[in-house]
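# Secondary and tertiary structure notes
Here are the chains, one letter per residue:
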Amino acid sequence: MTNNWPILVVIRIVRLALLLAAVAVVAFALAKMSPVDPVQAYLGPAISKVGPEQRDLIAQKWGLDQPPLTQFVKWLGNIVQGDLGTSMTYNAPVAEVLAKRVQASLPLMGMAWLLSGLLGFALGVTAGAMADTWFDRIIRTYAYILASTPTFWLAIVLLVVFSVGLSWTPVCCAAPIGVLPEDVTLLERLHHLILPLLTLTVLGVAQITLHTRAKVIEIMQSDFALYARAQGASLADVAIRHGARNAALPAITVLFASLGELFGGSVLAEQVFAYPGLGRAAVQAGVSGDVPLLLAVALCLTLFVSVGNTIADILYHAVDPRIGATPDMEVRP
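One structure accompanies this document, and this report is about it. (Residues numbered from 1 in each chain as written. Predicted model: local features only at pLDDT ≥ 70, side-chain atom pairs only at ≥ 80, totals over all residues. Heavy atoms only, no water.)

## Let's talk about the overall build of the chain
Across its full length, the chain carries 13 helices and 2 strands. Expressed as a percentage of its 333 residues, the buried residues of the chain come to 36%. Within the chain, contacts between residues at least 6 apart in sequence are counted, and of these 72% link residues at least 24 apart. For the chain, the exposed area adds up to about 18,900 Å²; of that, 68% sits on carbon and sulfur atoms. Each charge class in the chain was averaged separately, 20 positive and 21 negative side chains, and the resulting centres sit 4 Å apart. (Helix = DSSP H or I, 4+ residues; strand = E, 2+ residues; numbered from the N terminus. Buried < 20%, exposed > 50% of the residue type's maximum accessible area, 1.4 Å probe, protein only. Contact = heavy atoms within 4.5 Å. Areas by Shrake-Rupley, 256 points an atom, 1.4 Å probe, with all protein chains shown as cover. Lys, Arg positive; Asp, Glu negative; His and termini not counted. Charge placed at Lys NZ, Arg CZ, Asp CG, Glu CD.)

Rendered as structure tokens:
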């Protein structure tokens, strides 16, 4: 390829900056249009014991007495200086809150993303290679049902069955209640991770399976696949050598495109299981009118999805260098 990559990098950085700015403006406007009173949410039940003067002092402390435009400009200036502000919900720096919540959510979302991708791809290749058989119908039915299943409903069902009914898994949280974080063992953390991970993994399988199945069926009906079968190649050999290899690119596309949906699912799953992750922090910030934390989560999610799409583009070119080639680019075999 020619030396166009510096220009492409600059273009991507500019696009990302514009996207982050647009997300910040929209998120801030939506937060300000919310009927939630941040001062009332901050005080909670103690609101009845606080007079108007004290409420004004609290609003002044958090900068809520200033016009919305002034608040946004001040927040933007702090962001440029690397200061994400202070969370009203947790009464701590937003950067510190994000670090702790990401540390809890990263294993959950990362493992769910990886497992759903591998399982969905394997089921899709198998269903596509055995199209219109009873096994294919079972996989399709499974995928269609999961694609229309609400995340919170599945999470509640798993919680009722395995935690309440069978007592196999913990009811909530990321660690045993009352145990200091440094005293929690790895096995205990994994035990609390099982149900949220199972929820996100099971729901994430559907799209990967259906897209991979459709691509594999198309490949299995192609001339080169039929020719390979006519030469004596087995169905499994054709499905693995041709079907799985050519279906990998669409599967990667869907897998990276599902990062936003994965975060949306984690928000609901973390609420049901009271898992202290980034999704639960986003909900609490929205309910409490915690604008600094809400904006930081929105920007974090935008950056997360954008980086995922960039990685997908890199992988596309690694799998097939012809993708994205232009007349001034030389593609080598």
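## Quick look at the pattern of salt bridges
Two side chains of opposite charge can pair, provided their charged atoms sit close to one another. Using the criterion set out here, one finds 3 salt bridges in the structure. Asp136 is the salt-bridge partner of Arg213, the closest N and O atoms lying 2.7 Å from each other. Taken together, the positions of Arg213 in helix H8 (residues 186-220) and Asp136 in helix H6 (residues 134-147) put the pair 77 residues apart, joining distant regions of the chain. Comparing Arg213 with Asp136 shows no difference in burial state: the two are buried. Each of the salt bridges in this network shares a partner with another, and the network as a whole consists of Asp136, Arg140 and Arg213. (Salt bridge = Lys/Arg side-chain N within 4 Å of Asp/Glu carboxyl O.)

## Re the packing of aromatic side chains
Under the criterion given, the structure shown has 5 aromatic pairs. Between Phe28 and Phe72 the ring centres are 5.1 Å apart and the planes differ by 55 degrees, which places this aromatic pair in the tilted class. Here Phe72 lies in helix H4 (residues 68-80) and Phe28 lies in helix H1 (residues 5-33), a separation of 44 residues in the sequence. Comparing Phe28 with Phe72 shows no difference in burial state: the two are buried. Ring geometry for Phe162 versus Trp168: centroids 6.0 Å apart, planes at 40 degrees, classification tilted. Here Phe162 falls in the partly exposed class, since its relative accessible area comes to 25%. Given the relative accessible area of 56%, Trp168 is considered exposed. (Phe/Tyr/Trp six-rings, centres within 6.5 Å; stacked < 30°, edge-to-face > 60°.)

## Some details on the environment of Pro181
For Pro181, the location among the structural elements is in the loop between helix H7 (151-165) and H8. Taking the C-alpha atoms as reference points, Pro181 and Thr133, separated by 48 residues in sequence, lie 50 Å from one another.

## Description of the side chain of Ser163
As for its position among the elements, Ser163 is in helix H7. With relative accessibility at 6%, the residue Ser163 sits in the buried group. When neighbours within four sequence positions are excluded, Ser163 is seen to be in contact with Leu158, Thr169, Pro170, Val171 and Leu195.

## A look at the nonpolar core
Core analysis: the largest hydrophobic core is formed by 33 residues, its most contacted members being Leu98, Leu293 and Val297. Where this core is concerned, the elements lending two or more residues are helix H5 (94-129), H6, H7, H8, helix H11 (259-272), helix H12 (278-288) and helix H13 (291-319). If you tally residues by element for this core, the top one is H5, at 7 residues. In this view, Leu98 contacts Leu84, Leu278, Leu293, Ala296 and Val297; residues no more than four positions away in its chain are not counted. (Core = buried A, V, L, I, M, F, W, Y, C linked by side-chain atoms within 4.5 Å.)

## Observations regarding a nonpolar patch on the surface
A cluster of nonpolar side chains, contributed by Phe152, Trp153, Ile156, Val157, Val160, Val161, Val164, Leu166, Trp168 and Leu268, occupies part of the molecular surface with about 920 Å² of accessible area. Among the elements that make up the nonpolar patch, the one with the highest residue count is H7 (7 residues). Tracing the backbone shows Trp153 in helix H7. (Patch = residues over 30% accessible without salt bridge, like charges linked within 9 Å, V, L, I, M, F, W, Y side chains within 5 Å.)

## A few points about the packing of H6 against H8
Orientation of H6 relative to H8, taken along the N-to-C sense of each, is 130 degrees, at an axis distance of 8 Å. Relative to H8, the element H6 lies oblique. Considering how the two elements wind past one another, H6 and H8 form a crossing that is left-handed. Touching Asp136, Ile139, Arg140, Tyr142, Ala143, Tyr144, Leu146 and Ala147 of H6 are Val202, Leu203, Val205, Ala206, Thr209, Leu210 and Arg213, all from H8. (Axes fitted to C-alpha atoms, helices over the stretch in contact; angles between N-to-C directions. Parallel < 35°, antiparallel > 145°, perpendicular 65-115°, else oblique. Left-handed = near helix turned anticlockwise from the far one by under 90°.)

## Things to note about unusual backbone geometry
Its identity as a non-glycine residue notwithstanding, Ser167 has a phi of 60 degrees, on the positive side. As for its position among the elements, Ser167 is in the loop between H7 and H8. Positive phi outside glycine occurs at Ala274, with the angle close to 50 degrees. Here Ala274 shows up in the loop between H11 and H12.

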